[in-house]
Structure formats: C-alpha cells, structure tokens
Amino acid sequence: MRLATLTYESILHLPSNNISEYIIGFQGLNQSNKNLNNCETILLPDARTNNYSLFTLLQYTILRKLKLQTGLRYDNKSISTESVGLPSDAEGYRQAINKSYGSFSGSVGATFTYNEDLLFRSNFAAAYRTPNLAELTSNGPHELRFERGDANLVPENSREIDLSLHYHIDNLIFDISGFYNKINNYIFIAPTGDTTNTGMSIYSYNQTDSYLFGGETGLHYHPEQMEWLHFETSFSFVIGKQKDGEYLPFIPAHKIQFELRAEKEKLSFLNNAFVYAKSAIALNQNLSAADETATAGYSLFDIGIGGEIKVSNQHILASLNVNNIFDTKYIDHLSTLKEVGLYNPGRNITLNLKIPFSFKRNAKINVSSKL
C-alpha cells in the first residue's frame, strides 16, 4: 500500500504590538492511498482525502495581568474511495463512498498572572472531528486482529473546558491541571467478542455520546544548596465513559512518573555531564469496557549517563541509556497485541553519539545584479 501526503500552510502576522497579536492562516492537505500489486487482502480501499482550512487567532493583554486568547477555524474535508470486490460477495464487497464535511471550531481562553510566581489558565473550546478513512472503510486483518469500519459514521462534536494553576519560583515548579470533555458521536474501536473463521478477534468502529475527564499534576524541585540535583514527579489520569455509563475502551491507565537527575559541568572526561534514574508506574486498569479485559499495572526503571566529549576542537555529544533495566514483562492497556499475549519491549540498551559540525567561510562573496 502506498500513501502519498502533501501538506502546506500560509500564515500572515498582522500588525501587532506588545499587548496584542493577530494571525490569519490557511492550511491544506491532499492525500492519496493506493493498493499495489493486486494484493489479496485489502484493509483500506484506494482513496483520496482533501482537507482545506482557514483560521484566525487573536491575543490581547489587559492591564499586563490578564491575557485573552481566542481562535476560530473552518475546515472543509472530502473523502472519496473506489469500490472493493464484487456486489455478489456479501462479506468482502465495499461500495465506493464520496463524503464531504464542513464545520467551524473555536476556542476562547485566558491567562491571569497573579504575580511573577503564580498564574492561572482557563480555556473553553468547541470542536469537531470527521471520521477518517480507516474508521469508515476498514474490513480486514490489521496486525493480529480483524477490523471493521462503518461508512455511516458521522463527525464528532465536542465541548471542552480546562483549568490549570502554575507556581514557578527559582528552585520549584508546580503545575496542576484538569479537563472535562463532552463529545457527541464519539468514534472508537472496540472488541465485539466475535472471531473470524480463522480465530482472529473482530474489532469494530462504533460511536456514541461520551465524556472524558482527567488531570495532571507535576513537581520539579532542586535544592538551593545543590542546584545540580533535580527531582521531578508527575501523576496523570483520564476516565472515559459512554452516555449509558459503560466505560470506553482503550483508555490509558493512571500513571506516575519519577526522575532523579544530577548535572555537573565537569565529570571526568565529560563536560556538561548528566546522570539520571527514572521510573514509570502504570496502575491497574480495571475500568474496562464491555468485551475488554482489565490490564495489570507495571513499573519500569530506566538509567542513563551522558555529556559532551571534546576531541581536539571537535565536540561530541554522547549518552548511554538503559530502558526497562530489570527486563520487566508487561503489556500496556493500549497495546494492539494484548489479545495474543505479546509483551511490550523488554530491556533496551542504546548508545547515542551526535557529532555537530559547521562550515566556515574564509572569503567574502559579493553578488550584485541589475534589473
């Protein structure tokens, strides 16, 4: 299958000043999907997708403490496909589709700077998302599962609000944020509980009114007496439910992250050296949808060391990293290979070398032209 994509945009910054900013722009996408060599299994049909959008952004500051932002966008999208198979083949036939969508989306937000250390942010957005080619037309094996699309899917429409607080001082950064998103006609893929004749699990694309809510909090601290030492931690979670109270499938587990990092200008032969140890903890994901199994939590540990090496006048950036150092066997709740019991990657050791270089011109070149 060959996918060709062309994207482009043009942005115009209108006359602004230190309290206001005005932007208008245009974006475009043209995409072509083609199956090659008369392939036996066609997951997605030959198709063309075109998307054109106009947008404007406005930012204005009031009394140097309150910054207002608003944006408006219009999208026009079309998807056209060729038919697959013959009408006599009830299971394998997919008729051609030709769909066009158009809609506005926008947002309005504010940032209030209480003082140099503390600020608050809030935002309200209304948006829409059109179904993509896979959601509309899939009908075949994808990795180790069989996926079925639905040509009758309609665009999603969402209303979202988020709030956040940010406290930043010299040796401490604390952030906390939360969001609530109500989505009409939310599109998602979910297991059906059925299998194909060959035993492959069948997943289908569905849609229903849903809502998602969650948040994230993070802390970055380094002692004043030991500025070379940094400690960071964060906690994030999201919960998704359908309008009937059932949980949505493929919602990530709650996660906690820790990192301890030491930085030093000189460490043996390393300049601007660093050493770190970090951990990612995923809690049990028991909030599973119908026909979706729960997923056990896991803990991963990574370590690394790196810095800058100077060889003559050449600088080399080097680092040695070990991810999942204890070779933990785990399966992420979002893994598409979960149903067949295939684990996520185990221990992974990487050595990175980056050699920056530049050219210097010793002579000046003067170029003149006449019209």
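Residues numbered from 1 in each chain as written. Predicted model: local features only at pLDDT ≥ 70, side-chain atom pairs only at ≥ 80, totals over all residues. Heavy atoms only, no water.

Trainee: Could you clarify how one ought to interpret the packing of aromatic side chains in this entry?
Mentor: The geometry of an aromatic ring pair is captured by two quantities: the separation of the ring centres and the angle between the planes. For the structure on display, the rule yields 11 aromatic pairs. Plain terms: the ring middles of Y74 and F104 are 4.8 Å apart, the flat faces sit at 55° to each other, and that makes the pair tilted. With Y74 in strand β4 (residues 66–81) and F104 in strand β5 (residues 98–113), this pair connects stretches of sequence that are 30 residues apart. Residue F104 is classed as exposed on the basis of its relative accessible area of 54%. Their ring planes at 15° and their centres at 6.4 Å tell us that Y211 and F213 sit as a pair that is stacked. Lying across the ring of Y203, R145 places its NZ or CZ 4.6 Å from the centre. (Phe/Tyr/Trp six-rings, centres within 6.5 Å; stacked < 30°, edge-to-face > 60°. Helix = DSSP H or I, 4+ residues; strand = E, 2+ residues; numbered from the N terminus. Buried < 20%, exposed > 50% of the residue type's maximum accessible area, 1.4 Å probe, protein only. Lys NZ or Arg CZ within 6 Å of the ring centre and 35° of its normal.)

Trainee: Would you take a moment to explain the pairing of strand β1 (residues 2–17) for this structure?
Mentor: On any regular strand, side chains alternate: one points to one face of the sheet, the next to the other face. One ladder, built from 14 bridges, connects β1 with strand β2 (residues 20–34); its direction is antiparallel. The partner of E9 across the bridge, within β2, is Q27. Two successive antiparallel strands, β1 and β2, enclose a turn made up of 2 residues. (Pairing = 2+ DSSP bridges.)

Trainee: Help me understand the side chain of D75, please; the structure alone is not making it clear to me.
Mentor: Looking at where D75 falls in the secondary structure, it is placed in strand β4. If near-sequence neighbours (up to four positions away) are discounted, D75 is found in contact with N51, Y52, S53, Y101, G102, S103 and Y128. (Contact = heavy atoms within 4.5 Å.)

Trainee: Explain the pairing of β4 to me, please; I cannot follow it from the model alone.
Mentor: The sheet contact formed by strand β3 (residues 47–62) and β4 spans 16 bridges and is antiparallel. In the strand pairing of β4, N50 is matched with S78. Linking two consecutive strands that pair antiparallel, namely β3 and β4, is a turn of 3 residues; a positive phi of about 55° is found at L63 within it. Relative to β5, β4 runs antiparallel, the two being bridged by 15 bridges. By the bridge assignment, Q69 is partnered in β5 with G109.

These figures capture arrangement, not role.
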